[in-house]
Structures are given as structure tokens and as C-alpha cells.
Amino acid sequence: MRQTLPSSDILMGRRTLRQLAERLELVEDLWRTVLRSECPPDQAERLLKLKQLCDEEETSKEIIRLIVEMDLAEAIAAARAFSLYFQLVNILEQHIEEDRYLATMAHGEEDNDPLENPFTPHLASHDEPATFQRLFRRLRSLNVPPGLLEPLLRDLDVRLVFTAHPTEIVRHTVRHKQRRVANLIQKLEGCDRGFGPIEDRQVLRQQLEEEIRLWWRTDELHQFKPSVLDEVDYALHYFQQVLFQAMPLLNERIRKALALSYPNVTPPEDGFCTFGSWVGSDRDGNPSVTPDITWRTACFQRRLMLERYISAVAQLKDQLSISMQWSQVSGALLESLEMDRLRFPDIYERLAARYRLEPYRLKLCYILERLKLTQHRNGLLAEAGWEAPSENNEPAPGIGNLGVTPELHYRSYLDFRSDLELIRTSLQGTQLSCEPLQRLLSQVQIFGFTLASLDIRQESSRHSEALTELSCYLQLPITYDAMDEAQRVQWLLQELQTRRPLIPTGPHWSAATAETFAVFRMLERLQQEFGNRICRTYVISMCHSQSDLLEVLVLAKEAGLVDPVEGSTRLQVVPLFETVEDLRCASEVMAALFQTPFYQRLLQHEEIPLQEVMLGYSDSNKDSGFLSSNWEIHRAQMSLQSLCSSHQVGLRIFHGRGGSVSRGGGPAYQAILAQPSGTLSGRIKITEQGEVLASKYALPELALYNLETVTTAVLQNSLLGTDLDETESWNQLMERLAICSRRHYRALVHENPDLVDFFEQVTPIEEISKLQISSRPARRKRGGRDLSALRAIPWVFGWTQSRFLLPSWFGVGAAIRDELDNDPAQMEMLRVLYQRWPFFRMLISKVEMTLAKVDLDLAHHYVQALGSPESREAFESIFEQISNEYQLTKELVLEISGHRRLLDGDPGLQQSVELRNRTIVPLGFLQVALLRRLRNQHRQPPMNESEATDNRTYSRSELLRGALLTINGIAAGLRNTG
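Colleague: Looking at this model, I keep getting lost on the packing of helix α34 (residues 838-853) against helix α36 (residues 872-897). Mind explaining?
Modeller: Between two packed helices, what matters for the description is the angle formed by their axes and the separation of those axes. Across the interface, α34 lies against α36 with an axial gap of 10 Å and an inter-helix angle of 130°. When the axes of α34 and α36 are compared, the pair comes out oblique. Once α34 is placed against α36, the crossing between them reads as left-handed. Judged by residue contacts, Phe840, Ile844, Val847, Glu848 and Leu851 of α34 engage Tyr886, Thr889, Lys890, Val893, Ile896 and Ser897 from α36.

Rendered as C-alpha cells:
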């Protein structure tokens, strides 16, 4: 059975193919021109010959011959050249995605099948994400009542959390250059479409060449290991450059689209989509994230927002030149001006005469002054640190010298918003509106003074170790580490419900325990200064039991964040279940908490009882493989939703997605549609990590496209209301597949004694750890030479570089084959699941996309060239297992999907992957050649050692540099790291 694409998808695929072919010609011409201008003539021609060979069949031997003839300088030039090529192609594809989005917006998104039910089964096979306009029109055609849509929009809550996981391999210096190149390409394409004088084309072309040449002469490698505050700066870059201006546009688009199909439905609040951050607050395994760093991060974020607001208010002051001679002003605004006159007599004396008849300008001058005082105070707080006394006690050093009373600065963004709303209300009273003012109010609602909420994350054992040390000091009859789970829960609940302090202030604790205690005191001080919005969430990684959550609550109570009398908390404790065993026990752990009267009181004290639970993709995948991990997460969600519903508690699932498929990555739209029906209810929280930030948020329209389609997917899933996820026979089938897949995956990865050596020798994992791309270590602190010590990101990174991509597919084929061996008729059932069940379709589609990126011929070259002679037989046996499983998985995925070739369902992606697969081959051979020489000895002869005419030798640092450049290039080519 062959899969037939909807006609709209076929047309979109053809358009994408045509755009890619047309624009690729420009990129390749620019690339050739730059190489010929920047490299010696002979070298440039060999590099171009290398690229030409990529487009020919059966040329591996010729490619290897050219690489063997290169010295190190030319090898480095080749690595840089192909890295540049792929990054230019990435810019090209981002523009195509952006253009597709703009085209749908401009042409009203004509729907070819408006009467077709988009939910079942058609939605499962509709791969094109829907924008607001298309979604609301479909809902109207299906007669979805306004009364069903309105409450969903009212409670809509989309949260995107930026993280600093070490997968962003490109320097931000290079990112800036990429943005300039992207802008110039966009202008050049505009000229080609007739949007500018033809003579501008030559000027733009010349500017492009110059910009790429500057890029060529810029070092691609990070010069130093970034500090945590460097990472904060990197992450905030996307807010500064794109998101601050994009978010009000997102709000405008949902309002306009809603008005077309549901004119009487109230749009969601401006803050329906907000941001969080782990950058500067995620301390799990990162000793560099201290309480002081988190405090400075919060001050950094507030500084950025205040700078933006000061600029926006200054522009408003220029615009709102309305005179009282020609327009009335509300009494409330005039009263506020009188209050401002008393608070700021100096400003009144200086400006009252100038703005005597321009009340809006005078009001905005007072607002500007308050913002500047808030900014000045924020700088003093950043310098003083979190341990400086607060104003509730005595002023922090320097803060009392402002010469003003505390009321003069804005203590909260709500006060700032109130002042702006006074102006808007007064304008509306005279039938005036001001778009920049409305945009600013939207930004204030979304970002406040905090920009993004900081989530604290820490590993569960840190809390239990601190309580063990405390229990030893207090000489409890049984120390905390000696208690069983029931004893721990009993003791923790007892401590939670007493006002008596538990932690004495005098003792000197170990460094780890002192920091654990300090984090909670810093959190209390943070909320006191910035409000609860700055940090409301504490994520417990490696959460196993009820006591793991209660420990955090006890420590929070000691800092004043939990009130034992009122039964209230200012801190949401979020368990992160990440291993398969923990995912299976998640609902049991939460059920025990929900049945605890004190925990019930904490939840019921909230305006809306809500439990947030985080599910981890990375460790469950590393533990059990792709299929097992995804099924366990899916099943855990269904179980948690059932539990929360029975206790009348709302559930917000926090998805710890990474960039790669094996860590939950892939198209967000399809992934959200594949969530179990009934588990979203308009709420979702998702991590955005590493290179994903650049691919989604580097360009304004791309950012809007991502934000819009994520939101429509949440709305669409929340309205599905199907029972597909509860189909017992489907769930039983998935359970069997997951069990078999896990067994097969673990047999290779965890039970084969040679696998660790195989991974360390035939992938560049050792060299990846030397990339200066993260403040966090690649291995956990307990790190030995086993997989448990290695973090999930470098685990995926290594397999990706050597073109195995094993964590994203291994075990799937064996599980399906086992099922078919028992009952061949199950193939028809699997095809039905692919057609009708979004979860299963998403699963198979991700595997299909990953299989298309695998290159086993190149991977085998890594095995043969980098494996030690004594391990040759064992390594060949492992490779044979991987190869057999690949062929089996590919064959079965094609049979299930009905495709003749991998990715037949997405021609644009298919062409992109094929282009990258063939062009990336030289980088793989280059990487192997450099790794082999780097690992064999401390100082190496030239790469063309057999024909060398000089006696040069290369240091390890030179060879390492070459190897790291190939890692950069392959990461750019695959658009994936970890």
C-alpha cells in the first residue's frame, strides 16, 4: 500500500524543491568565488574538485586519494570550506521556510479541503503545520462551538524554556556574520524578484562576497570555555534581536485570525505564550552555577528589559505630542500628574513649562525617570549580591544613597503597566489609539521586568545528602541516610508542618551542603526583590520517590518559601522523571503525594490547583532506546492525566526535548499533535536547547512561524477529544514492541562488553569533550569509563558525527520483526496505526528521517580506520549487528509508511538530506584521517607523509584543531549535534 500525499502537500513540496534548486545555484556560486579569492589557486581547485566528486556515484576512493595527498593546512582549509558551504545552505533553507510562512500569510492560506475532518484520520497524515487562520477556519467548518473554544483560549498557556545544554557548536561571532549574510541574500533575492533597481544587484552581490570573505577569515572555534554568564548573554541574544519585537506580532495574528472565523470569541491574554530559562539557574551537574550567578542572571535580564522599555518610552514621548488645546485628557491621568509633581519636583520645575499643554509627554517623562531609577537600583543590586540586606531590613550597600525614597522606582512591572494603561485609557476616551503603546503594553505583559522565568534545577541526591549531614549534626536517633522511604516521608512531613527552624545558623557545613542551603535563601531573596514571577519552579532531576519532593519543600520552608500554618508555598516543586523505571513509577509517586493532606493543602491554596511534571527524553533513550523511551513517556502522560483528573488537579507536562530525534527533537507541531488526547488542556511547557535556538529564533518570521504553529498544535490537540490513545489493542501492541525494542537495544548498548570501547574509538567523543562550547562538563561527577557517567548529549553527539545516529532508531526494526514473526497479519495493523494514530505516525516518521541521514559505508570507514587492531573482530561483529538492524528497520519502515524511498512523504526534506549526505562525505574522511593521526602519537608527520618533501611535524594542538573543525562542519551539515 503506497501512501498518497494530499494535493496541497504535493504542491508545497514541489515549490520547496524549485526554490531550493534556484537558490542553491546562488550559494554555490558565492562559495566557489570566495574559495578562489581566499585560497591558493591549486588548493582552491582541489577543494572544488572534492565538491564535484560529491555529486558523482562511486567516488569514495577518489575522495580518499585527494584527502591523503593533503597536508594539514589544506585539510583544515577543506574542513572550513565544507563547513562554510553547509552553513550557507542552512541560511538558504531558513529563508525558504520563512518565505513559505510569509506566502501563506499573504495569500490567506486557501484550504483545498475545508470540509474534510482535520482530526481523524486526515490530521494524522497532514504534515503541514497550521497557522491561526487555517486552524480557526477549519474549526468553524467543523462547527466547533465558540463556547468550547473560548475557555480554552482563556486558559491557553504555552511556555518555552531556553536552556544552555552544550549543543550550540557555532560561535556567536559567526552567528552575527550569518545574520548579515542572511539579510544580504534576502535583499539580493528581492532584487531578482523586481523589488529593487537592477543596478543594486551588483552592489549587493559584492557586499555578500565581502561579508563571506570576512567570515572565512574568522575563527570558527570557540577561543575559551564559556562562563555561565557568557551563556546567559548568548541566550538573551535571541530576545534582544528577535523575540522582543516578534511577540506583539504573535498576539496581533491570533486576534486577527480569530476575528475572521470567531468574531465574538474573546482572544487570549497577551501573555498566553511566555518564556522561561535554565541559563544561569540550572545547577544539575554544573558547579559553576552558584547562587551569586543566578542572582546576577536575574539582574542581567532585568537590565535588558529596562533598556528596551526606556528606548520604547522615549520613542512614545516623541510621538504623543497631543495638546490639551485640541484634545481632552482623562481626569485620572491629570490626577496622576499631580502625584508625580509631588514625587519629582525637580522634573516638574524643569519640564512643566515646556510640556504645560502636552500632558502625555509630561507623563512619559515621569515614567522615564522611574525606569532610570529602577535601572540604577538594579545595577547596585547586581554589584551588592543576593546576600546584601534587603530594604525590608536595611538598605544594601550603595542603594540607600540614591537620594530618593523607595517609592520613586518601579517596584514591580505592574506599576509600570498601570502608568501605561492610564495613557491608553485617556487616549481611548477621545477615540484615539496608539499602536506603539499597545505593542509596549503587550511586551510588558509578556516579559515584565524579568524577561524569562528562571527555573532552578538540581539533582535529587544533593538534597538528601544535605539532609543527611544536617541529621548527623542534630544527632537524630536515625540519620537521614539510614531511614527507609516510609521513615523519610514521616519525618519530612513532620518538619514541614512545624514553625520551628530546622537548620541552625552557626555550624560550618561542607561546601556542597552550604551551597544547597544557600540556594533556597537566595531564592527567597530573589522573589522578595523581583516578585514570584522571576522564579517559581524548582525541578528535581533524577526524581525517584515521594521523599525527593518533600525534601525540597522542607528546605524551602526553612528559607521562608513554604508557610506551614497557611499551608501555602511560593515554590512549585517539579519532579523530573527521566529513566524508564522512574517513568513507570511516576503516577505512583504523585498519587502518594496527592493523598498526603499537607501536600493537598499546598495545591488547593493555589488559585488553580496545578501540578507540573517534567518528563525526560534523553536519559530514558540512553537507557532503553528510542521506541521504548517514547512509549514510556506517552504512557506516563496518560497515567498522570488520569491521576490528576481523579484528584481534580490540573496537569502541566514539561517536555525536556533536545535537538536530536533521540532526545525528543524533531518537528514540534507533529510532536504536540502526537501527545495523548486530553493531557494538554491548553497547557504545555517545552525546553528549547542548543542549536535549536538558532534554527528557530534567528530570523523574525521563522520565530513567529515556530511560535504560531506550536500554539495551534496545542489548541488542536486540546480539541481532539479522541479515544485513539486508549485503544486497548493498540496499547498492547505498543507495549510488546517497546519491551522487545528495549531488550534488543540493551543487549547491544549495555550488555555487550565491547560497546564502550567501540563508542570511544570509532566516534570522536574524546575530541568532542574538548570543544569549548559549554560551562558544563561532558561527564557526570562520578564519571568512570562507563555509559552511566557520560551525559546523554555527548552520547548522541558522538553517534551523529560518525553517521551511525544509533540512539534514534536502533531496536525498532527488531521489535517490529519479532511482532510480525508471531503474527504476519500485524503488518496491516501497523499500517492502520500509521494512518490513524498521530503518536505512532510521529514515531515512524522520526525513525524514517533519521535513517535517511545514516551513512553506514562512511560509518564502517570509521570502524576500520579508528578501531584498534586487537579489537577488530569484536568491532566488526558490533558493526554487523548495527548494519543488519539498519537494513531491517529501513525495510519495515518503508513497508509501514508505503514509501518507495525514505522521506518520499516530504520531497523538500528528502532533497535537502540527499544533498547533505553526499556533500558531507569528504568531511567524514577528513575527520577520520585527522583523528587517526591525532590518537596514534603526540607529534605527527604531514598528512601526505609518504610523499613529503619537507620534514615538518605537527603538534597535537594543530591536529586537534583540524579535527574540531571537521566536527563543526559535520554538525552544520547534519543540522544536528546532540
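Colleague: Is there a simple way to think about the sheet that holds strand β5 (residues 537-541) in this case?
Modeller: Paired through their backbone hydrogen bonds, the strands of a sheet run either parallel or antiparallel. Taken in spatial order, the nine strands of this open sheet run β3-β2-β1-β11-β10-β9-β8-β5-β4, and their pairing is parallel. In the strand order of this sheet, the two ends are held by β3 (453-454) and β4 (456-459), each with one partner. In this sheet, β5 lies alongside β4 in parallel orientation, the contact comprising four bridges. By the bridge assignment for β5, arginine 457 is matched with valine 539.

Colleague: Help me understand the confidence of the model for the protein chain in this model?
Modeller: Reading fine detail from the predicted coordinates is not recommended where pLDDT is low. Looking at the protein chain as a whole, its pLDDT mean stands at 88, while 88% of the residues score no less than 70. This stretch, residues 393-404, has a pLDDT under 50; its non-local contacts, to residues over four places away or in other chains, come to 17 contacts.

Colleague: Would you mind going over the side chain of glutamate 28 with me for this structure?
Modeller: When you line up the elements, glutamate 28 lands in helix α1 (residues 7-38). What makes glutamate 28 buried here is its relative accessible area of 18%. Only 2.7 Å separates the side chain of glutamate 28 from the side chain of tyrosine 85, close enough to count as a polar contact. Residues in contact with glutamate 28, not counting those within four places in the same chain, are Lys51 and Tyr85.

Colleague: Even after reading the chapter, I still don't get the environment of leucine 160, so can you show me in this structure?
Modeller: Its place among the elements puts leucine 160 in strand β1 (residues 157-163). In the structure, leucine 160 is positioned 524 residues away from isoleucine 684 in sequence and 8.5 Å away in space, judged by C-alpha atoms. Filtering out sequence-adjacent residues up to four positions away, leucine 160 remains in contact with Cys273, Thr274, Phe275, Gly276, Ile686, Glu688, Tyr697 and Leu707.

Colleague: Please clarify how helix α6 (residues 132-141) should be interpreted in this entry.
Modeller: Every α-helix carries 3.6 residues per turn, so stepping three or four residues along brings you back to the same face. Burial runs high along α6: seven of the ten residues are buried. Every buried residue of α6 is listed here: Phe132, Gln133, Arg134, Leu135, Phe136, Arg138 and Leu139. Two residues or fewer past α6, asparagine 143 is found with a positive phi of approximately 60°.

Colleague: What is the right way to read the pattern of salt bridges from this model?
Modeller: When the charged atoms of two side chains with opposite charge come close together, those side chains can pair. Enumeration according to the criterion identifies 54 salt bridges in this entry. A salt bridge links arginine 831 to glutamate 895; the nearest nitrogen and oxygen atoms lie 3.8 Å apart. Of this pair, arginine 831 sits in helix α33 (residues 826-836) while glutamate 895 sits in helix α36; the two residues are 64 residues apart in sequence, bridging distant segments of the chain. With a relative accessible area of 15%, arginine 831 lands in the buried category. Here glutamate 895 falls in the partly exposed class, since its relative accessible area comes to 33%. Through salt bridges with shared partners, a single network forms among Asp157, Arg159, Asp455, Glu612, Arg652 and Lys685.

About the cut-offs
Residues numbered from 1 in each chain as written. Predicted model: local features only at pLDDT ≥ 70, side-chain atom pairs only at ≥ 80, totals over all residues. Heavy atoms only, no water. Axes fitted to C-alpha atoms, helices over the stretch in contact; angles between N-to-C directions. Helix = DSSP H or I, 4+ residues; strand = E, 2+ residues; numbered from the N terminus. Parallel < 35°, antiparallel > 145°, perpendicular 65-115°, else oblique. Left-handed = near helix turned anticlockwise from the far one by under 90°. Contact = heavy atoms within 4.5 Å. Pairing = 2+ DSSP bridges. pLDDT = per-residue confidence, 0-100. Buried < 20%, exposed > 50% of the residue type's maximum accessible area, 1.4 Å probe, protein only. Polar contact = N/O pair within 3.5 Å; in protein donor to acceptor, adjacent residues only side chain to side chain. Salt bridge = Lys/Arg side-chain N within 4 Å of Asp/Glu carboxyl O.

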